[in-house]
Amino acid sequence: MAFRITNVGSVRHAEELDLTVGKTEEAGTFPVNAPHGPIAVTAAAALFGANASGTSTILGALTNMREAILTSYTRQPAPASPAHRPFALRPDDAVTTSTYEIELVRDGERWTYGFAVSARAIEREWLHSVTASNDLRTWIDRDAARTDRGGCAYRWHGFTPDTGRLERLGSDRTLALSLGGLLQVGPFQTVYDFFRTGLLLISPPPRCAAAGTGPGPACGVGRTPPPDRPIARGR
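Here the structure is a predicted model, which means the values were calculated and not measured.

## Here we look at the sheet that holds strand S3 (residues 20-21)
By way of backbone hydrogen bonds, the strands of a sheet pair with one another, either parallel or antiparallel.
Argument step 1. If you trace the three strands from one edge of the open sheet to the other, you get S3-S5-S4, paired in antiparallel fashion. Each having just a single partner strand, S3 and strand S4 (29-34) make up the two edges of the open sheet.
Argument step 2. Note that S3 and strand S5 (residues 37-42) share two bridges and pair antiparallel. Pairing of threonine 20 across the sheet is with valine 41, part of S5.

## A short note on the confidence of the model for the protein chain
Argument step 1. Looking at the protein chain as a whole, its pLDDT mean stands at 79, while 76% of the residues score no less than 70.
Argument step 2. No element of the protein chain has a lower mean pLDDT than strand S11 (residues 231-233), which averages 50, and none a higher one than strand S8 (residues 122-130), which averages 95.
Argument step 3. Every residue in residues 209-228 scores below 50 in pLDDT, and together they form 16 contacts with partners more than four places removed in sequence or on other chains.

## Observations concerning unusual backbone geometry
Negative phi is the rule for most residues except glycine; trans is the rule for most peptide bonds.
Argument step 1. Even without glycine at this site, aspartate 107 takes up a positive phi of about 55°.
Argument step 2. Tracing the backbone shows aspartate 107 in the loop between strand S6 (98-106) and strand S7 (109-117).
Argument step 3. Residue aspartate 107 is classed as exposed on the basis of its relative accessible area, which comes to 78%.
Argument step 4. A positive phi angle, close to 60°, is found at aspartate 162, a residue other than glycine.
Argument step 5. For aspartate 162, a relative accessible area of 37% puts it in the partly exposed group.

Basis of the calculations
Residues numbered from 1 in each chain as written. Predicted model: local features only at pLDDT ≥ 70, side-chain atom pairs only at ≥ 80, totals over all residues. Heavy atoms only, no water. Pairing = 2+ DSSP bridges. Helix = DSSP H or I, 4+ residues; strand = E, 2+ residues; numbered from the N terminus. pLDDT = per-residue confidence, 0-100. Contact = heavy atoms within 4.5 Å. Buried < 20%, exposed > 50% of the residue type's maximum accessible area, 1.4 Å probe, protein only.

Here you go:
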């Protein structure tokens with residue numbers, strides 16, 4: 001339903017892509033059953049902006065986030081996460097974290113997941129859900145600053161299963177969601193599977209032509225996703 005980034009590419013300050021609208025009966029929307037009642041979500045959205053205004057960055061950041069979630073555990077030897085892409089126009093921001101956060105509703109529960117990553121490690125990570133009975137649950141509460149003070153980066157709140165394996169098998173460059181999804185940890189699986197199979201990212205070929213009018217692949221030719229899967233299109 002919403003996606004937020006800070007200090008990514010040409011986006012320096014917090015930016016949000018919010019797909020919710022005011023009324024569930026508004027044309028071009030569909031209702032999503034959430035803990036506090038139905039939420040109206042737009043069926044389609046478009047981003048407009050001048051060159052270097054950040055529109056492509058927002059779509060590219062979805063790709064960054066998806067790649068980090070699906071590969072951070074398998075990319076442990078890598079020196080840094082590909083999701084750390086600080087604001088390109090100020091060198092001072094290179095030492096600042098890139099932050100990603102997403103909100104979604106799955107099976108009647110509202111989920112918020114995000115992380116902040118630097119060139120050296122995952123600095124913060126969080127996963128919360130609001131259940132159908134309006135109970136707030138915290139599944140991931142991670143802050144690398146706790147390790148710097150001699151403690152554990154994770155603070156578990158009694159709900160999360162398999163915490164021992166998550167700490168033992170993870171590293172400072174591994175997202176807990178990435179590892180938990182691979183280990184099929186129940187609450188992690190919901191958000192992990194959204195990025196693995198529920199979010200479809202489509203980028204058009206660099207050169208295309210209307211069908212039958214010239215060289216190169218025809219515009220719009222390709223696999224059509226099922227209508228219930230979110231689509232992000234970028235140029």
